[in-house]
Amino acid sequence: MSRTGSGSDETVAILAGAGTLPVEVARSLVAQGRPVHIVGLTGVADDAVSEFSHSWTGLGQVGRMLRLMRSNRCTHLVIVGGLKRPNLWSLVPDFGFFQHFGRISTIMRGGDDAVLRRVVGFFEEQGFKVIGAADAAPELLANAALDAGIGCSAMDETTAQIAKQGMRALHELSHFDIGQAAAVGNGGLLGIEDGGGTARLLKSLQLAEGTQAALVKLPKQGQEMRIDMPTIGPQTIVDAAAAGVSNIVVDGRATLIAERDKTCAAASEAGVRLHAITSDNEAVAEPPKAAANDLEKAVAFVNAAWPMTDGKSLGVFVRRGHPMVCLIDGIANAAWQDRLSKISPLRTLGVLPKRSGALVLIGNADAVEELTNESRFADVLEAADTLRAAAVIVLVTNDADARHVAALRSTAGTARRGGLTVSIEHCETSPAGLA
């Protein structure tokens, strides 16, 4: 083992995959005064992790991985860097792997999004707070480059129209758990990212002469943004230029740029323009017809009441036209779940009643941040599901941090089940009230 951590109670563990991002995140945290300990995956992570307190472990050495984090007194965990989905039977396991085998075998089932959400859940069950690379190092976000005047440029009308086609395609296909990127030209959709990633998508393109093309890369609906945020880097520029793609469009609030200065310089040299946009790539399901009147009344209630709360959070549950629960300045605390649980319907002869009623929550930046802490939003959704609510809508004000909104959307994506409609929407007004 190499250098040990500083012993701080607030040490951040970085589980490092391939690429430069683990080291970039570590440098940012250290600059913020946060001690780090990198647990590098053997044969995957870059040797540059030796710049920091670090250890090495195999992907199958789950027990060692957890011991290393605990022995370095890590309380938070960032999982970052490239990693191909492993074959469970190709791993070299330790005792801890077999100790958690039941959980691990469950983790590996399903699509990529489901697997990643379960990975987060596993580490949180072990007592670590999993945070995203963007939360640990916000300067890695594409919007930071835009704010710094580096690399990102404005779109002309033609590129904007092409980008809209790509955004629409990703929006419509997002629920199939396919890739994060689409290649679009002035003739329509040219390709969709699959399991081979963005690099294979770009290398597969065969553009006709004169085609103006863009790579559009956005987070998927319900994506676990803490460990799978869309990322571009120098190689993305190289591949795009080789394919004849002259524009790369990303969500500035939800895309990491690895080696930012090098990436932007490469784009400038290759004539590839980077565009950071704001995208709400969420397919909002229509609520059941039975809940339409309740939803309309709940939104009307919020419209009427919220301007009188001086910007405090507000929640209301309406069933059969009647507000049954209303709570001000407490949408993220246990009192809300407790109030909902008191009106939860009972089973009748073992049969669950049909879903009915709508829950509408509204909150400013502080309330939204609080709602993302310690699975509180998941707890609210669990209470709404037990209540057999038909729809849950969270209205967030425009001052809310994009990363917290993304976290809510990620939780909403995992929580939709059995007919419960969940959506996150932006208010069109300031915290002073709704129009």
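Look up: the structure comes first, before these words.
The present account deals with the structure reproduced in this document. Predicted, not measured: the structure shown is a model, and the values here were computed from it.

Right, let's get into the overall build of the chain. Along the backbone of the chain there are 16 helices and 17 strands. For the chain, with 435 residues in total, the buried portion stands at 51%. Within the chain, residue pairs in contact and separated by at least 24 positions form 72% of the contacts whose partners lie at least 6 positions apart. Accessible surface, the chain: about 19600 Å² in total, of which carbon and sulfur atoms supply 52%.

The next thing to look at is the pattern of salt bridges. Taken as a whole and judged by the stated rule, the model has 7 salt bridges. When the shortest N-O distance is used, the salt bridge between glutamate 124 and arginine 226 registers 3.0 Å. With a gap of 102 residues between them, glutamate 124 in helix 5 (residues 112-125) and arginine 226 in the loop between strand 8 (213-217) and strand 9 (231-232) connect regions that are remote in the sequence. A salt bridge links aspartate 261 to arginine 260; the shortest N-O distance between them is 3.9 Å.

Further remarks concern the pairing of strand 13 (residues 314-319). Counting buried residues in strand 13 gives 6 out of 6 residues, a clear majority hidden from the surface. Both faces of strand 13 are covered, namely the face carrying Leu314, Val316 and Val318 and the face carrying Gly315, Phe317 and Arg319. In this sheet, strand 14 (residues 322-328) lies alongside strand 13 in antiparallel orientation, the contact comprising 6 bridges. Residue leucine 314 lies in a different strand from strand 14, and its bridge partner there is isoleucine 328. Here strand 13 pairs with strand 15 (residues 358-363) via 5 bridges, running antiparallel.

The contact between helix 10 (residues 234-243) and helix 11 (residues 260-270) brings their axes to 8 Å, and the two run at 15°. Between helix 10 and helix 11, the crossing angle belongs to the class labelled roughly parallel. With respect to the hand of their crossing, helix 10 and helix 11 are arranged in right-handed fashion. Between helix 10, through Pro234, Ile237 and Ala241, and helix 11, the contact on the second element is made entirely by Lys262, Thr263, Ala266, Ala267 and Ala270. Residue classes in the contact of helix 10 with helix 11 are distributed as 6 nonpolar, 1 polar and 1 charged.

Attention now goes to the nonpolar core. Core analysis: the largest hydrophobic core is formed by 28 residues, its most contacted members being Ile14, Val25, Leu29, Val36, Ile38, Val78 and Leu256. Listing elements by their share of this core, those giving two or more residues are strand 1 (11-16), helix 1 (21-31), strand 2 (36-41), strand 4 (74-80) and helix 6 (133-136). If you tally residues by element for this core, the top one is helix 1, at 5 residues. Not counting the four nearest positions on each side in its chain, valine 78 is found in contact with Val12, Ala13, Ile14, Leu15, Val25, Ile131, Gly132, Ala133 and Ala136. Membership of the second largest hydrophobic core comes to 24 residues, among which are Leu381, Leu387, Ala389 and Leu408.

Before going further, it helps to examine the sheet that holds strand 12 (residues 273-277). The strands making up a sheet associate through hydrogen bonds between their backbones, and the pairing can be parallel or antiparallel. Ordered in space as 7-6-8-10-12, the 5 strands form an open sheet in which the pairing is mixed. The open sheet has two edge strands, strand 7 (188-192) and strand 12, and neither has a second partner. With direction set aside, neighbouring strand axes in the sheet form an average angle of 25°. Bridging between strand 6 (residues 181-185) and strand 7 involves 4 bridges; their strand directions are antiparallel. The residue bridging glycine 185 from the neighbouring strand is glycine 188, located in strand 7. The sheet contacts of helix 8 (residues 157-173) involve strand 6, strand 7, strand 8, strand 10 (247-251) and strand 12, and relative to strand 6 the element is tilted by about 140°.

Cut-offs used in this document
- Along each chain, residues carry numbers from 1 onward, in the same order as the chain's sequence is written.
- With pLDDT at 70 or above as the cut-off, local features in this predicted model cover only qualifying residues; side-chain atom pairs require 80 or more to be listed or tallied, and sums for whole chains, interfaces and linings still use all residues.
- Where side-chain values are given, they derive from all heavy atoms of the structure, hydrogens and water being excluded.
- Under the scheme used here, helices are H or I runs from DSSP no shorter than 4 residues and strands are E runs no shorter than 2 residues, and both carry numbers assigned from the N terminus.
- Type-normalised accessible area, obtained with a 1.4 Å probe on protein chains alone, sets the label of each residue: buried when under 20%, exposed when over 50%, and partly exposed for intermediate values.
- Should any heavy atoms of two residues lie within 4.5 Å, those residues are counted as being in contact.
- The method behind every accessible area is Shrake-Rupley, applied with a 1.4 Å probe, and residues are considered shielded solely by the protein chains displayed.
- Any carboxyl oxygen of Asp or Glu within 4 Å of a side-chain nitrogen of Lys or Arg constitutes a salt bridge here.
- Strands qualify as paired when DSSP identifies two bridges or more between them.
- Lines fitted to C-alpha atoms define the axes here, with helix axes fitted over just the stretch in contact, and angles between the N-to-C directions of these axes take values from 0 to 180 degrees.
- Note on terminology: angles under 35 degrees are roughly parallel, angles over 145 are roughly antiparallel, angles of 65 to 115 are roughly perpendicular, and the others are oblique.
- For any helix crossing, the convention is left-handed if the near helix is rotated counterclockwise from the far helix by under a right angle, and right-handed if that rotation is clockwise.
- When residue character is reported, Ala, Val, Leu, Ile, Met, Phe, Trp, Tyr, Cys and Pro are called nonpolar, Asp, Glu, Lys and Arg charged, and the others, Gly included, polar.
- Joining through side-chain atoms within 4.5 Å is the link that ties buried Ala, Val, Leu, Ile, Met, Phe, Trp, Tyr and Cys residues into a set, and such a set is a nonpolar core.

Scope: geometric values only; no functional claims are made or implied.
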